[in-house]
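What follows is the residue order along each chain.
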Amino acid sequence: GVAVALVVDASGSMAAPDYPSAAGGPPAARTARLDAAKQALRLFVAGGAGPDGSRFDGRPADQFALVTFAAWPQ
């Protein structure tokens, strides 16, 4: 496996609902940026089915570090 560092913006601007909601949701519904990032990271790390039906294998042999930031990194 490999070591991967994930860096995610957790500032207030990430609450903006400007991503389309998941497949099967109402067409006018929007997903917040931070929620969309969480979904993408979950698919990358754990695998599963994407919103368009594509499959991701996940990365069970890899190690991950998560750094979030807004005004300061944590």
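Residues numbered from 1 in each chain as written. Predicted model: local features only at pLDDT ≥ 70, side-chain atom pairs only at ≥ 80, totals over all residues. Heavy atoms only, no water.

Turning to the overall build of the protein chain, a few remarks are in order. Helix and strand counts for the protein chain stand at 1 helix and 6 strands. Starting at the N terminus, the α and β elements of the protein chain follow one another as β-β-β-α-β-β-β. When the backbone C-alpha atoms are referred to their principal axes, the protein chain occupies close to 40 × 35 × 10 Å. Considering the protein chain as a whole, with its 74 residues, one finds that 16% of them fall into the buried category. For the protein chain, restricting intrachain contacts to residue pairs at least 6 apart in sequence, the fraction spanning at least 24 positions comes to 40%. Surface accessibility of the protein chain: about 5200 Å² in total, with carbon and sulfur atoms responsible for 60%. Computed over 6 positive and 6 negative side-chain charges, the inter-centroid distance for the protein chain is 3 Å. (Helix = DSSP H or I, 4+ residues; strand = E, 2+ residues; numbered from the N terminus. Buried < 20%, exposed > 50% of the residue type's maximum accessible area, 1.4 Å probe, protein only. Contact = heavy atoms within 4.5 Å. Areas by Shrake-Rupley, 256 points an atom, 1.4 Å probe, with all protein chains shown as cover. Lys, Arg positive; Asp, Glu negative; His and termini not counted. Charge placed at Lys NZ, Arg CZ, Asp CG, Glu CD.)

To continue, consider the pattern of salt bridges. In the structure shown here, the tally under the stated rule is 2 salt bridges. The partner of Asp18 in a salt bridge is Arg33, with the nearest N and O atoms 2.8 Å apart. With Asp18 in strand 2 (residues 17-20) and Arg33 in helix 1 (residues 33-46), this pair connects stretches of sequence that are 15 residues apart. Of the residues examined, Asp18 reaches a relative accessible area of 33% and is grouped as partly exposed. Residue classification places Arg33 among the partly exposed positions, given a relative accessible area of 29%. The salt bridge involving Arg59 is made with Asp62; its shortest N-O contact spans 2.6 Å. Residue Arg59 is classed as partly exposed on the basis of its relative accessible area of 29%. (Salt bridge = Lys/Arg side-chain N within 4 Å of Asp/Glu carboxyl O.)

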